[in-house]
Amino acid sequence: MADAAASVLILLWLLAAAWHDVRRRAVPSPAWNAAPLLGAALLSAAEGRAAASAAVLLAPLLPRPIRPAAALAALADAKALIPALAAPLFLEAWERGWWGGADACAAMTLLLIFPDAAMLLSMAVGAALALAAFRLRGERRFPGLVGLLLAALLRIGAGLTGWRGWLS
C-alpha cells in the first residue's frame, strides 16, 4: 500500500510539474523540485544508498571539471552507481541549455527513487516520445518534464507487482 501511495505522489508531482512546463516553460518555484529531490535523497539514504544521495546532492555544488571524478567515488557502492554517474550528465545538459534546471532536478530525483537501468531506459523512451510529439506539433524544443512524466509512467506502470519490481 505504501508503494502505491508513493507511486501516486510521484505521478501527481510530475503531472503538475509537466503541466506547468508545457504552459509556462517553468515550474512555479524552485521548491517544486527541490523538496522532492531532498525527500528522495532521504529515502535513498534510509534504504542504504547514502553514497547515491551524497553524490547527487553534492554534484551541483562541485566545480564542473570535478563532477565526473567525484561521481567515480560512488563506484565503491554499486547501489549508487547509476544516480552518481548520471547526476553530472544531467547538470551538464542543464548548463549547456539542452535541459531546464527543473528537468535535471526531477531526473535526479527519479534516479534516486529508482536507481536502476530500467529508469534510465524509461527516461530515454519518455524523452524520445515527448520529443517526437512536440516536433510533430512543429515545436523546436520540448518540455523535459513531459518526457520525465512519461518515463515515470513507464517505470511505475511496468512494475505491476510493485513500484520497484521491474528489472530491479
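Every value quoted in this text rests on a predicted model; they were computed, and no experiment measured them. (Residues numbered from 1 in each chain as written. Predicted model: local features only at pLDDT ≥ 70, side-chain atom pairs only at ≥ 80, totals over all residues. Heavy atoms only, no water.)

**Digging into helix α5 (residues 81-95)**
For α5, spanning 15 residues, the distance from its first C-alpha to its last is 22 Å, which sits close to the expected 21 Å at 1.5 Å a residue. Among the residues making up α5, those that are buried are P83, A84, A86, A87, P88, F90, L91, E92 and A93. Downstream of α5 by a residue or two, G97 has a phi angle that is positive, lying close to 85°. (Helix = DSSP H or I, 4+ residues; strand = E, 2+ residues; numbered from the N terminus. Expected span 1.5 Å × (residues − 1). Buried < 20%, exposed > 50% of the residue type's maximum accessible area, 1.4 Å probe, protein only.)

**Quick word on the packing of helix α7 (residues 117-136) against helix α8 (residues 144-158)**
When two helices pack together, their arrangement is given by the angle between their axes and by how far apart the axes lie. Running from N to C, α7 and α8 cross one another at 135°; their axes reach a closest spacing of 7 Å. Relative to α8, α7 is oriented oblique. In terms of crossing hand, the pair formed by α7 and α8 is right-handed. Between α7, through A118, M119, S122, M123, V125, G126, A127, L129, A130 and F134, and α8, the contact on the second element is made entirely by V146, G147, L148, L150, A151, A152, L154 and R155. Across the contact of α7 with α8, the residue classes tally to 14 nonpolar, three polar and one charged. (Axes fitted to C-alpha atoms, helices over the stretch in contact; angles between N-to-C directions. Parallel < 35°, antiparallel > 145°, perpendicular 65-115°, else oblique. Left-handed = near helix turned anticlockwise from the far one by under 90°. Contact = heavy atoms within 4.5 Å. Nonpolar A, V, L, I, M, F, W, Y, C, P; charged D, E, K, R; others polar.)

**Some words on the confidence of the model for the protein**
Averaged over all residues, the pLDDT of the protein is 83; the fraction at 70 or higher stands at 91%. Taking the mean pLDDT of every element in the protein, the minimum, 74, falls on helix α4 (residues 67-72) and the maximum, 92, on helix α6 (residues 101-113). The low-confidence segment residues 163-168 (pLDDT under 50) makes 24 contacts with residues lying over four places distant or belonging to another chain. (pLDDT = per-residue confidence, 0-100.)

**Let's talk about the pattern of salt bridges**
As enumerated under the stated definition, the model contains six salt bridges in all. For the salt bridge of E95 with R67, the shortest nitrogen-to-oxygen distance reads 2.9 Å. Of this pair, E95 sits in helix α5 while R67 sits in helix α4, placing them 28 residues apart in sequence. Given a relative accessible area of 6%, R67 falls into the buried group. Between R155 and D116 there is a salt bridge, with its nearest N and O atoms 2.5 Å apart. Here R155 is found in helix α8, whereas its partner D116 is found in the loop between α6 and α7, with 39 residues between them in sequence. For the pair R155 and D116, a shared accessibility class is recorded, and that class is buried. (Salt bridge = Lys/Arg side-chain N within 4 Å of Asp/Glu carboxyl O.)

**Comments concerning the nonpolar core**
Counting 40 residues, the largest nonpolar core has L14, F90, L110, M123 and L148 as the members making the most contacts within it. When residues of this core are traced back to their parent elements, those giving at least two are α1 (2-24), α2 (31-46), α3 (50-58), α5, α6, α7 and α8. Broken down by element, this core gets its largest block of residues, nine residues, from α6. Once residues lying within four places of it in the same chain are set aside, the contact partners of F90 are W99, A104, A107, M108, L111 and M123. (Core = buried A, V, L, I, M, F, W, Y, C linked by side-chain atoms within 4.5 Å.)

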